[in-house]
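Each chain, written out:
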Amino acid sequence: MRNETLYSDFWSRNQRCFLTLLLTVLSCWWSVVAAQSAFEMIRRDRNLSASNYCIYPDSALAPLTPAPEGKHPFYISHYGRHGSRYLSNRKGYDIPYNYLKCADSLGLLTPKGKEVMSEMERIIEDSEGRWGDLSGLGKRQQRQIAWRMSERFPEVFKDNAFIDARSTVVNRCVISMGAAIQQLVALNPDLDISMQASKRDMWYMNHQDTLLRNRMSTPESDKAYKDFSDPIANNPRLMEMLFISPDSARKVISEKWLNYYLLKAGLIQQNTSMGKRSQLVDLFTYEDFHCYWQYENAWWYIRYGFSLLNGGEQPYSQRHLLRKMINEADSLMRKDRNGASLRFGHETVVLPLVCLLGINGFDFKTADLAVLEGQGWWACLVFPMASNIQFVFYRENIDDKDIVFKVLLNEQEATLPIPTDIAPYYHWRDFREYYLKKIDDYEATRRQKTH
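What counts and what doesn't
Residue numbering note: each chain is counted from 1, following its sequence as written. Note on the predicted model: pLDDT of at least 70 is required for a residue's local features to be given, and 80 or more for side-chain atom pairs to be given and counted; whole-chain, interface and lining totals, by contrast, use all residues. In computing side-chain properties, one takes all heavy atoms of the structure into account and sets aside hydrogens as well as water. Buried means the residue's accessible area, taken with a 1.4 Å probe over protein chains only, is under 20% of the maximum for its type, while exposed means over 50%, and partly exposed covers the values in between. Helix numbering and strand numbering both begin at the N terminus, where a helix is a DSSP run of H or I of at least 4 residues and a strand a DSSP run of E of at least 2. Each axis is a line fitted through C-alpha atoms, taken for helices only over the stretch in contact, and angles between the N-to-C directions span 0 to 180 degrees. Crossing handedness follows the turn of the near helix against the far one: under a right angle anticlockwise gives a left-handed crossing, and clockwise gives a right-handed one. Throughout, a residue-residue contact means that at least one pair of heavy atoms, one from each residue, lies within 4.5 Å. Residues are grouped as follows: Ala, Val, Leu, Ile, Met, Phe, Trp, Tyr, Cys and Pro are nonpolar; Asp, Glu, Lys and Arg are charged; every other residue, Gly included, is polar. Grid spacing is 1 Å over the protein atoms alone, the probe is 1.4 Å, and a cavity is where that probe fits but cannot get out, while a pocket is an open set with protein on both sides within 12 Å along at least five of seven lines and lining residues have an atom within 4 Å of a point. Grid points are joined across faces, edges and corners, and a volume is the space filled by probe spheres set on the points. We define the nonpolar core as a collection of buried residues of types Ala, Val, Leu, Ile, Met, Phe, Trp, Tyr and Cys that are connected through side-chain atoms lying within 4.5 Å of one another. At least two bridges found by DSSP between two strands is the condition for calling them paired. Aromatic rings from Phe, Tyr and Trp, taking only the six-membered ring of Trp, are treated as a pair when their centres fall within 6.5 Å; an angle between ring planes under 30 degrees marks them as stacked, one over 60 as edge-to-face, and anything in between as tilted. Geometrically, a lysine NZ or arginine CZ counts as sitting over a ring once it is within 6 Å of the ring centre and also within 35 degrees of the ring normal.

Asks: How should unusual backbone geometry be read in this particular structure?
Replies: It is generally the case that most residues other than glycine have a negative phi and that most peptide bonds are trans. The omega angle of the peptide bond from Ala 423 to Pro 424 is 5 degrees, so this bond is cis rather than trans. Positioned with a positive phi, Asn 360 is a non-glycine residue whose angle comes to about 50 degrees. Exposure remark for Asn 360: the relative accessible area of 32% places this residue in the partly exposed category. Despite not being glycine, Ala 386 shows a phi value in the positive range, around 70 degrees. You can see Ala 386 is positioned in the loop between α16 (372–375) and β7 (388–395). With relative accessibility at 1%, the residue Ala 386 sits in the buried group.

Asks: Honestly, the packing of helix α14 (residues 319–333) against helix α17 (residues 428–450) in this entry has me stumped. Any pointers?
Replies: Helix-helix packing: each pair is described by the crossing angle between the helix axes and the interaxial distance. Relative to each other, α14 and α17 sit at 145 degrees, their axes nearing to 11 Å. Once α14 is placed against α17, the crossing between them reads as left-handed. Touching Arg 319, His 320, Leu 322, Arg 323, Ile 326, Ala 329, Asp 330 and Met 333 of α14 are Trp 428, Phe 431, Arg 432, Tyr 435, Leu 436, Ile 439, Asp 440, Tyr 442, Glu 443 and Arg 446, all from α17. Residues that form the contact of α14 with α17 fall into these classes: 10 nonpolar, 1 polar and 7 charged.

Asks: Is there a simple way to think about empty space enclosed by the protein in this case?
Replies: Left-over empty space is what a probe sized like a water molecule reveals as it rolls over the atoms. All chains considered together, the criterion is met by 3 cavities of 30 Å³ or more. The volume enclosed by the largest cavity comes to roughly 50 Å³. Around the largest cavity sit Ser 77, Leu 322, Met 325, Ile 326, Ala 329, Phe 391, Phe 393, Trp 428 and Phe 431, which together line it. Mapped by element, the contributors of at least two residues to the lining of the largest cavity are α14, β7 and α17. It is α14 that provides the largest number of residues to the lining of the largest cavity, a total of 4 residues. Of the residues that constitute the lining of the largest cavity, the class distribution is 8 nonpolar, 1 polar and no charged.

Asks: For this particular structure, what's the right way to read the nonpolar core?
Replies: Generally speaking, nonpolar side chains in soluble globular proteins are found buried as a group. Counting 104 residues, the largest nonpolar core has Phe 243, Phe 393, Leu 416 and Phe 431 as its most contacted members. Setting aside chain neighbours within four positions, we find Phe 431 in contact with Leu 322, Ile 326, Leu 357, Phe 391, Phe 405, Leu 416 and Ile 418. Residues Ile 145, Val 156, Ala 161 and Ile 181 belong to the second largest nonpolar core, which totals 26 residues.

Asks: Where do I start with the pairing of strand β8 (residues 404–409) in this structure?
Replies: Remember that side chains alternate between the two faces of the sheet whenever the strand is regular. Here β8 lies mainly inside the structure; 6 of its 6 residues are buried. Side-chain alternation along β8 places Val 404, Lys 406 and Leu 408 on one buried face and Phe 405, Val 407 and Leu 409 on a second face that is also buried. Both β7 and β8 contribute to a ladder of 6 bridges, which runs antiparallel. Pairing of Ile 389 across the sheet is with Leu 409, part of β8. Where β8 lies against strand β9 (residues 412–413), 2 bridges are found, and the strand directions are antiparallel. Bridging from a neighbouring strand, Leu 408 pairs with Glu 413 of β9.

Asks: I keep staring at the layout of surface pockets and nothing clicks. Help me out?
Replies: Of the pockets and cavities examined, the second largest pocket occupies roughly 990 Å³. Taken together, 42 residues line the second largest pocket, and the ones lying closest to its centre are Tyr 260, Lys 264, Trp 299, Trp 300 and Arg 303. Those elements that place two or more of their residues in the lining of the second largest pocket are α3 (91–105), α8 (210–214), α9 (219–229), α12 (255–268), α13 (286–304) and α15 (347–357). Sort the elements by how many residues they give to the lining of the second largest pocket and α13 lands first, with 7 residues. Tallied by class, the residues present in the lining of the second largest pocket amount to 14 nonpolar, 16 polar and 12 charged.

Asks: Any chance you could explain the packing of aromatic side chains here in plain terms?
Replies: Two aromatic rings, taken as a pair, are described by how far apart their centres are and by the angle between their planes. All chains considered together, the criterion is met by 30 aromatic pairs. Seen from their ring centres, Tyr 301 and Trp 377 are 4.8 Å apart, and the 80 degrees between their planes marks the pair as edge-to-face. Within this pair, whereas Tyr 301 is found in helix α13, its partner Trp 377 is found in the loop between α16 and β7, the two being separated by 76 residues in sequence. The pair formed by Tyr 301 and Trp 377 is uniform in burial state, with each residue classed as buried. Through a chain of ring-to-ring contacts, three or more aromatic side chains come together here, namely Tyr 75, Phe 162, Phe 391, Phe 393, Phe 405, Tyr 426, Trp 428, Phe 431, Tyr 434 and Tyr 435. Cation over ring: Lys 324 sits above Tyr 204, and NZ or CZ is 5.2 Å from the ring centre. Sitting over the face of the ring of Phe 74, Arg 395 holds its NZ or CZ atom 3.9 Å from the ring centroid.

Below, the structure written as structure tokens:
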């Protein structure tokens, strides 16, 4: 009997190690596959080139890996971006529209150019008074995510479970929070809910680190980005389509910015009431979408990833949020109660937080923008509209000292750069030790540099 027990224990330990190794190999394999197929991804769905304007991937979710034996979910710590929205201000539409109006006044527009100018007028009219507002699609996204969260982890939301919901003070985030809570209440009216949207929480909900922001753009990063993006920024084919004399048009407009803002205007319509009525995206080829994807991806990496072009520290802007999430989880673990902390904010928090955590290898560091695509560092996979990070915690009971958890990125099981024998689950003690040290080390070094 003892030999059977020893064998069982040996197999259990080695099975876990094998599973960890397998998931690591599969993760690396996916990075290779993804790295080779950015263009193919766009060919399958051109809207996926939209960077932070991508709509949330509401496709079928992969089955969840069963928890370690005896463990049950009791707490979820979440940070999510607001749902689909309208363009935040007129600039993105006014630039291409005014270019077209200027060319039209000079008699330079082709019939297609006139059609595009008219469509821009309709898009501007549809967006007027809604700049930055959450769209109807955005509300549906938040309700569906909340429904799935409750459906997948019913133990967390049962009986009078507490829901601590917080939002930044931006309207689209407040309404996103309201839509999610509305869904949870419909599923369980007995929930104990607190909702807040206060400037008092902005120090961690949407921290603006002045020192890091001032270092986002450096002469080195600006030059690298220009060298990377300029060769793919113009679009002679589009110019031929819109203007009777492209050379004459180039004297009064910027080909680069017309191409950029027209394409951007077309892609964001997937989030609005104009989604199925707009034809702007039909002006562009898959090659055009891929070029746009490339320079948007590089732009986000420089400003929110671990880019070595500006010091490789930008994701630390979210250290206060991460420390807050750790402290709140520690506090909750001492209570015999289930519930969730739901936070609603912005992609400019989601992306650097994912990088700071190193989820799915997004802590990748480089000064070479050309390697991002091959490495699988694709911002569009991280921060579509309504993107979210969920930490789901498990324990046997209130006396359980070995709390485990897993991290979901956009509701899919994800990996962290720390060892585990229960992948895709991690021991909370290992996580908190690793990340608190990471934050402390950064802050200590920062103090030394600034004194």
